[in-house]
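These are the residues of each chain, in order.
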Amino acid sequence: MVSVGDVVPTRMEKIKRTNWAANIMYDGAFHEMTAIEEIPALVQSLEKVTAVGTGHTFNHIADSPCNQISLRLLHEVSTFDEVSRTVTVQAGITYDQLCPYLEDRGFAVHNLASLIQLSVVGACSTATHGSGDKNGNLATSVSSLEMVTADGELVKLSRHNDVDFSAVLVGLGAFGVITQLTLDIQPAFNVEQYVYERLPFDQLRDHFDAIMASAYSVSVFTDWQDQQNNEIWVKSRVGDGEKFEATQKFFGATLATQKLHPVRNLPAETCTEQMGIPGPSFERLPHFRMGCTPSVGEELQSEYFMPRHYAAGAILALQGLSDEITPNVFVSEIRTVAADEFWMSTCYHRASVAIGFTWKPDWPAIKSLLPKIESVLAPFDPRPHWGKLFHFSPAELHSKYEKMDDFVQLASKYDPKGKFRNEFLSSYIFTPCS
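In short, a report on the structure. (Residues numbered from 1 in each chain as written. Predicted model: local features only at pLDDT ≥ 70, side-chain atom pairs only at ≥ 80, totals over all residues. Heavy atoms only, no water.)

1. Let's talk about the overall build of the chain
Our working definition: In DSSP terms, a helix is any run of H or I states spanning at least four residues, a strand is any run of E spanning at least two, and both are numbered starting from the N terminus. Here the radius of gyration uses the C-alpha set of atoms, whereas the globule reference equals 2.2 Å times the residue count to the power 0.38. Whether a residue is buried, partly exposed or exposed follows from its accessible area with a 1.4 Å probe, protein chains only, as a fraction of its type maximum: under 20%, in between, or over 50%, in that order. We call two residues in contact whenever any of their non-hydrogen atoms come within 4.5 Å of each other.
The number of helices and strands found in the chain is twelve helices and 23 strands. The C-alpha atoms of the chain give a radius of gyration of 21 Å, which matches the 22 Å a tight globule of 434 residues would have. Overall, the chain is about 60 × 50 × 40 Å in size when its C-alpha atoms are taken along their principal axes. Looking at the 434 residues of the chain, the share that counts as buried comes to 60%. A fraction of 71% describes how many contacts in the chain between residues 6 or more apart in sequence connect residues 24 or more apart.

Structure representation (structure tokens):
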């Protein structure tokens, strides 16, 4: 084992805790593991238990009034294999712990989310993603997993050999407690980041494919004002033969002359380097620097995924709600994500456009607005991010996932008594909707 941080003794507490955004209060017993070997006996002994990562979820998917189990102290690299280009990590490791370790050895992961402080297992379990036409969500880099099931058994599943793998990896916590993941890695690469300002909406609608395909990762930020998007963040791999040529104008947008934050008028010190300054991928693909508060901090989030070809229609529909969205949103981010094979992934079998909302922390206002957003997006078959806020009913969610019944059946096989089913999973996944 290769340590990437300090470990403290195991403990069990019953204290008031919150998720990252502090909009969810956790009050179940809190079990912190210091060794993988402790997990089977604990899981077997508990009637109900939910695993929690870094808490960067905005709904109750990681909540439990009974027991939460945290593996955050288990953040070691178990094996690093330069020949096979894989790394096996314990379930508590975060991307900001893993990526510098890989960079020091000349390797990197394929992509990263907008913030790097996420736990690897938590991100993969909820199909969390970055951006890029050719980039699948973060789970697509995982080649195998190990987890403890309800009876305390340690199960190993591989992408190459096990048909259950596509259900279990993006499993929403329904199958067991994941203890280790093996990820595919690639040679380290540098990225240059350029920011453009004031992209007209008509340019985005008319040239969406060209804009989003212009570099390795592209994000568009808007607060839905003034018939234009605030910023485009263009992240280009250095030396891959597809270098982005940063001209002064880009589809009507203007190259920024200073570092910018995605949210209007916020200081940019917390953001990753821009202005085309090259640097390691893990210091450019996220929008926010390691060690800094990402985004705004006091915020709520929602996000919807539509088939890629509906991008222009979905953007136009949301523009029609701009008078209601703008007063309540810090910023929206528009990204693209490649299709994948995970049953409960928001991008299952479809390349997608993802439109996210970083909301001001006014839940009553957001709660009343979400049904309107989901209504105008309904013609475009939206799927909500599993870890963010949405209004869809269980029946509506079930209709969006062709493998939902198979998922429920398989999860019931691994966990017949529902040990890992919290209120969120019971309501949205395991409630019969036929």
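2. Looking at the pattern of salt bridges
Rule in force here: Salt bridge, as applied in this entry: a Lys or Arg side-chain nitrogen positioned within 4 Å of an Asp or Glu carboxyl oxygen.
For the structure shown, the criterion picks out 17 salt bridges. The residue Arg159 makes a salt bridge to Asp184 at a minimum N-O spacing of 2.8 Å. With a gap of 25 residues between them, Arg159 in the loop between β11 (154-158) and α4 (165-168) and Asp184 in strand β12 (residues 177-184) connect regions that are remote in the sequence. Judged by relative accessible area, Arg159 falls into the partly exposed class, the value being 33%. Between Lys259 and Glu273 there is a salt bridge, and its shortest N-O distance comes to 3.8 Å. A residue pair is termed long-range when its members are at least 10 positions apart, and Lys259 in the loop between β18 (253-255) and β19 (279-280) and Glu273 in the loop between β18 and β19 qualify at 14 residues. Using a relative accessible area of 24% as the deciding quantity, one classes Lys259 as partly exposed. In this structure Glu273 comes out as partly exposed when scored by relative accessible area, which is 33%. Salt bridges sharing partners connect three or more residues here, namely Glu303, Glu333, Arg335 and Lys388.

3. Topic: the packing of helix α7 (residues 311-319) against helix α9 (residues 363-377)
Counted only if it meets this: Axis lines are fitted through C-alpha atoms, for helices just across the contact stretch, and the angle between N-to-C directions can take any value from 0 to 180 degrees. Note on terminology: angles under 35 degrees are roughly parallel, angles over 145 are roughly antiparallel, angles of 65 to 115 are roughly perpendicular, and the others are oblique. If you view the pair so one helix is near and one far, a crossing is left-handed when the near helix is turned anticlockwise from the far one by less than a right angle, and right-handed when it is turned clockwise. Throughout, the ten residues Ala, Val, Leu, Ile, Met, Phe, Trp, Tyr, Cys and Pro are labelled nonpolar, Asp, Glu, Lys and Arg are labelled charged, and all others, Gly among them, are labelled polar.
Viewed as axis vectors pointing N to C, α7 and α9 meet at an angle of 140°, and their least axial separation amounts to 9 Å. Put simply, α7 runs oblique to α9. Where α7 crosses over α9, the two elements pack in a sense that is right-handed. Together, Ala314, Ala317 and Leu318 of α7 and Ile373, Val376 and Leu377 of α9 make up the contact between the two elements. Its residues assigned to classes, the contact of α7 with α9 shows six nonpolar, no polar and no charged.

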